[in-house]
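Next come the chains, spelled out residue by residue.
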Number of protein chains: 2
Amino acid sequence: MTEGSGEPGGSAWELLLPAVSAPSRRRGRTLQSALRDAVRSGRLAAGTRLPSSRELAADLGVSRGLVTEAYEQLTAEGYLRSGRGSGTWVGDAVRRAASAARDLAPRGAGARVDFRPGTPDLSLFPRTAWAAAHKAALSRLPHQALGYPDPRGLPELRTALAGLLARRRGVVADPERVVVCSGVAQAMTLLGFVLGARGMRTLGTEDPGSPEPTALFASAGLRTVPLPLDAEGLALGPLAASGVRAVVTTPAHQFPSGIAYSARRRAGLLEWARAVDGLVVEDDYDGDFRYDRAPVGALQGLDPERVVYTGSVSKSLAPGLRLGWMLVPESLADEVVERKRTMDLGNPSLDQAVLAHFVTSGGYDRQLRRCGRAYRERRDALIAALAEHLPGTEVSGIAAGLHVIARVPGRWAPRRPDAVGDAGARGAAGGAEGAFLARAAAAGVALRPLSDYGTARAGDGDVRLVLGYAHLTPAGIARGVRLMAGGARGDDRAGG
Amino acid sequence: MTEGSGEPGGSAWELLLPAVSAPSRRRGRTLQSALRDAVRSGRLAAGTRLPSSRELAADLGVSRGLVTEAYEQLTAEGYLRSGRGSGTWVGDAVRRAASAARDLAPRGAGARVDFRPGTPDLSLFPRTAWAAAHKAALSRLPHQALGYPDPRGLPELRTALAGLLARRRGVVADPERVVVCSGVAQAMTLLGFVLGARGMRTLGTEDPGSPEPTALFASAGLRTVPLPLDAEGLALGPLAASGVRAVVTTPAHQFPSGIAYSARRRAGLLEWARAVDGLVVEDDYDGDFRYDRAPVGALQGLDPERVVYTGSVSKSLAPGLRLGWMLVPESLADEVVERKRTMDLGNPSLDQAVLAHFVTSGGYDRQLRRCGRAYRERRDALIAALAEHLPGTEVSGIAAGLHVIARVPGRWAPRRPDAVGDAGARGAAGGAEGAFLARAAAAGVALRPLSDYGTARAGDGDVRLVLGYAHLTPAGIARGVRLMAGGARGDDRAGG
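Phe115(A), Phe436(A), Phe115(B) and Phe436(B) are the most contacted members of the largest nonpolar core, which has 149 residues in total. Tallying contributions element by element places helix α13 (residues 363–389) of chain B first for this core, with nine residues. Those residues in contact with Phe115(B) that sit more than four places away from it in its chain are Leu382(B), Val445(B), Ala446(B), Leu447(B), Val466(B), Leu467(B), Gly468(B), Leu472(B), Ile477(B), Gly480(B), Val481(B) and Met484(B). Counting residues in each nonpolar core, the second largest holds 60 residues, with Met188(B), Phe193(B), Val194(B) and Leu222(B) among its members.

A contiguous patch of positive charge on the surface is contributed by Arg366(A), Arg369(A), Arg370(A) and Arg373(A). Tracing the backbone through its elements, the reader meets Arg366(A) in helix α13 (residues 363–389).

Right, let's talk about the relation of the copies chain B and chain A for a bit. Take chain B, turn it by 180 degrees, move it 0.0 Å along the axis, and it overlays chain A with an RMSD of 0.1 Å. The transformation relating the two chain copies, once decomposed into turn and shift, fits a two-fold axis. Looking at the rotation axis and the C-alpha trace of chain B, the residue lying nearest is Met343(B), at 3.7 Å. Mapped onto chain A, 100% of the interface residues of chain B are again interface residues, and the two copies thus contact each other with one and the same surface.

Opposite the 101 residues of chain B that make contact, chain A presents 101 residues. Roughly 8,200 Å² of surface becomes buried between chain B and chain A when both sides are summed, with 53% attributable to carbon and sulfur atoms. Applying the counting rule to chain B against chain A returns two salt bridges. One salt bridge in this structure joins Arg341(A) and Glu212(B), with 3.3 Å as the shortest N-O distance. If you tally residues by element for the side of chain B that touches chain A, the top one is helix α11 (residues 330–344) of chain B, at eight residues.

What follows is about the side chain of Arg378(A). The residue Arg378(A) is located in helix α13 in this model. Non-local contacts of Arg378(A), meaning those with residues more than four positions away in its chain, are made with Asp121(A), Tyr469(A), Ala470(A), His471(A), Leu472(A), Pro474(A) and Ile477(A).

A few words on the environment of Val481(B). Residue and element names in this part refer to chain B. Its place among the elements puts Val-481 in helix α16 (residues 474–489). Taking the C-alpha atoms as reference, Val-481 lies 37 Å from Leu-164; in sequence the two are 317 residues apart. Setting aside residues no more than four positions away along its own chain, Val-481 makes contact with Phe-115, Leu-382, Ala-385, Leu-386 and His-389.

Residues and elements named next belong to chain B. Enumeration over the complete set of coordinates arrives at 52 salt bridges over all chains. The shortest N-O distance in the salt bridge between Glu-335 and Arg-198 comes to 2.7 Å. Of the two residues, Glu-335 sits in helix α11 while Arg-198 sits in the loop between α7 (183–197) and β6 (202–207), which places them 137 residues apart along the sequence. Judged by relative accessible area, which is 32%, Glu-335 ranks as partly exposed.

Residue and element names in this part refer to chain A. Taking strand neighbours across the sheet as the criterion, the eight strands line up as β5-β12-β11-β10-β9-β6-β7-β8 in an open arrangement whose pairing is mixed. Each edge of the sheet is formed by a strand with only one pairing partner; in this case those strands are β5 (178–181) and β8 (233–234). Summarising the sheet, strand β7 (residues 223–230) and β8 pair through two bridges and their orientation is antiparallel. Bridge pairing links Leu-229 to Leu-234 in β8.

With that settled, the discussion passes to the sheet that holds strand β1 (residues 49–50) of chain B. Residue and element names in this part refer to chain B. With antiparallel pairing, the three strands of this open sheet are ordered in space as β1-β3-β2. A strand with exactly one partner marks an edge of an open sheet, and here the two such strands are β1 and β2 (80–82). Both β1 and strand β3 (residues 88–90) contribute to a ladder of two bridges, which runs antiparallel. Residue pairing across strands places Leu-50 opposite Thr-88, the latter belonging to β3. Of the strands in this sheet, β1, β2 and β3 are in contact with helix α4 (residues 64–77), which crosses β2 at around 105 degrees.

Turning our eyes to something else, we now look at the packing of helix α6 (residues 155–169) of chain B against helix α12 (residues 349–360) of chain B. Residue and element names in this part refer to chain B. Two numbers describe how α6 lies on α12: the axes approach to 8 Å, and their chain directions differ by 35 degrees. When you trace α6 past α12, the crossing you get is left-handed. Taken together, the residues of α12 that come into contact with α6 (itself represented by Glu-156, Leu-157, Ala-160 and Leu-164) are Gln-352, Leu-355, Ala-356, Val-359 and Thr-360.

Here is what the cut-offs are and how they apply
- For every chain, the first residue of the written sequence is number 1, and numbering continues from 1 along that sequence.
- Going through the entries in the order they are written, you letter the chains from A and number the ligands from 1.
- Totals for whole chains, interfaces and linings use all residues, but because this is a predicted model, local features are given only for residues with pLDDT of at least 70 and pairs of side-chain atoms are given and counted only at 80 or more.
- Where side-chain values are given, they derive from all heavy atoms of the structure, hydrogens and water being excluded.
- By nonpolar core is meant a set of buried Ala, Val, Leu, Ile, Met, Phe, Trp, Tyr and Cys residues that side-chain atoms within 4.5 Å join together.
- For the exposure calls, accessible area comes from a 1.4 Å probe over protein chains only, and a residue counts as buried if that area is under 20% of its type's maximum, exposed if over 50%, partly exposed in between.
- Secondary structure counts use DSSP, requiring at least four H or I residues in a row for a helix and at least two E residues in a row for a strand, with both numbered from the N terminus.
- Throughout, a residue-residue contact means that at least one pair of heavy atoms, one from each residue, lies within 4.5 Å.
- Residues with no salt bridge and a relative accessible area higher than 30% make up the patches, which join like charges within 9 Å and nonpolar side chains (Val, Leu, Ile, Met, Phe, Trp, Tyr) within 5 Å.
- For the accessible areas, the method is Shrake-Rupley and the probe is 1.4 Å, while residue cover comes only from the protein chains on display.
- Put simply, a salt bridge is a Lys or Arg side-chain nitrogen that is within 4 Å of an Asp or Glu carboxyl oxygen.
- In this tally Asp and Glu are treated as negative and Lys and Arg as positive; neither His nor the chain ends contributes.
- In this description, the location of a charge corresponds to atom NZ of lysine, CZ of arginine, CG of aspartate or CD of glutamate.
- The atoms used to superpose the copies are C-alpha atoms, taken from residues with pLDDT of at least 70 in both, and the fit is least squares.
- Put simply, buried area is the surface a 1.4 Å probe can reach on two separate parts but cannot reach once they are joined, added for both.
- A pair of strands is considered paired only if DSSP assigns at least 2 bridges between the two.
- Simply put, an axis is a line fit to the C-alpha atoms, just over the touching stretch for a helix, and the angle between two N-to-C directions goes from 0 to 180 degrees.
- Whether a crossing is left-handed or right-handed is set by the direction in which the near helix is turned from the far one by less than a right angle, anticlockwise for left-handed and clockwise for right-handed.

And the structure:
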């Protein structure tokens, strides 16, 4: 828009209010909008007297009624002021918005091959089947279901999930126990507020483990205490000694180590919970993907009153759907639902109806089979590439999930840190691991070391990596490992 | 399922595990599931020794490998225990779920005609257009958008909303200031946590006003202070004297009184906010529906750094979509977004893409026009019916929104409370109003008195009602008023 110069008057109004050439039925709104903009931008300063409606109408070539209406409207809104007699002035109520400088664009892609874990293959989202489920669900949904939702979730979805989880994960899943939520993250936050309101101040987490629960529980005022693992799962001695009465676990496929809790440890964990009148939170984050053995049933099935079970469609469908579930003990159910109500009144009902239809029509099982095939193929490609390009690397945690742990022998890590930038700083601190990561980054491969997920440091000089493979093609995986190995050798040929 | 009797052994296993007649590829899973159920239900008690895999296989007519596998699986899960030598026992880790007694069914319909406000006409939801927008949005959405969302909202929706709200509501709406959220309720909760973290303990609300913010802010630890209105809006004297530094308002169409804040009051409110370094929360809950005059632009447009603006599609499309927005001052933006992140990581991205498409394709404007026509007709039907059946009733707040205030002369309220039940109790307390409500309830009409929304009691003997009409047909409205009037006269003829 053109800037006005000096005090407006006469034909200068045409410059200040240039946009009244709209079709006649929109002219009034356009004039009002132009006047608002002029006041806001400061082009019309506070205290400026406006021309009479007759004058302005003549200047702009519009009807006088249009101008009168605009003056009245903007006076009602507080932009303009009318004097006792005649006359209209610019008011002094308006303040400008502070300028916003943030970037709207999504973060750009970084490395050429990114092995950092956490993302499924978003191209596997079943667009056609999902669209069909949406159409079917919307056509069947009663009008009433479009009203304010039940904060526990749509009854038909809770029933569908109860059946699905009992069948696939061996949980005890009365639909009454299911609370639909916006993914595992919201489940943690909800639980944090409920436990915080009961006076709980600390909560145990697995070390190594996901860093995410710490931030989520912190938002509810709870501090997390990292607790060590042993070969069977969360170590019971340190757990008992910590004094916590609730602990977040990933017993089916521990994140990131990939171990499955032993039967003895599962029982021991529940015994601990009963002894301290406590709670085990079971994050079944990738319970859907098992490759070489039958899935280990959920811990929740053993004692539904001591375990809060939570999962989502984030790995099986898409994180962007923000759809997950909790199975809550009877003693917590009302408080969790009330928190859910004040947090968002409940999940969107149409989304819930679509997922319910997708589950009951068999689409969800088909999707799991499809993903399982794709992810197993990628896992195999990763293991083969590591054996070929970084021989001696031990791979573990491979029976399930969307990532593996790779222990790369120290001989692959250059002794002299020679890399630059952020990775170089890590190199100075982390010795062999830092140097390996820096070389990989320079070769275009983004990696996440196991040490990112916990407090323990291995002193054996080997490099432990958490390699996510689900979002990469077999060819991309092979290329990434080749680049990584080339970086480790310090050559550039591998990039070809 | 059949209950077993006595100690299981021999062919009793067929009764305990009856469901192994599944197709062969599912038999293993079915057997495992049946075993789990038997342990959980107590039909197989802790310490019970299971038959050898050979025996059980023979009893059930399945392969021995299937039984071995089931034993191994359930042992890994903690349901069963294996001894040092041979032998498998039922473990003692399992505890039953407490029984759940709540009702899954949605609340049934109560009254024959329900004038209680708050619900739009859910049958006006544009199913066909929404399904088309879903299809279009899903086909265009890049894979990446299905990943974890931006907690601020999908950029294309923020841009679309900024344009829509600037155009329709006169707000200053840089897309950077838009935070997509799960409706106005979540906006209040988010804000409550942000202000609470800054040390705020109390917050003003309008009296009369919606009771909902009180519960939402309470969940964040803030107490609300009801502040009186006068004819121009929130009274500034009591506001200044209250000591609060933030206040929730509905300036465009006050809920429930229906007044629009005067220009002077709008300016005064902003002056107060600047003087106390405070904040005005503008709940534009029904800003989309104006009937007899141009809409009053949003207060936010006058001072975007002192006003938090919030709205949603709950009245224009459906509350079940759980889609709303906030426009936040620069000084609060980061904290609001971080709270949104820990609360749910962000709204579902596909839903956001659908709304963005619906707005930019013109579907949203069409929907608003369609609803506006329908609601205006219903409002007119209500006013006409009140004039016919309850003459002398004054109706106000009619220029906008989905409800009106009706002041029914005291002569329509029977002096002797003669009603029963809940309404009778109100009758004892509320005099003429209670008696009127009780008679209406007995005639099948659900009403909400203005006194439900505030602390003030009118002493003039008239009955003040908040009548929601949006969800009723013109015929239903006429019938409801006829029933109400019949109840007031104490006859039964009006029900015909």
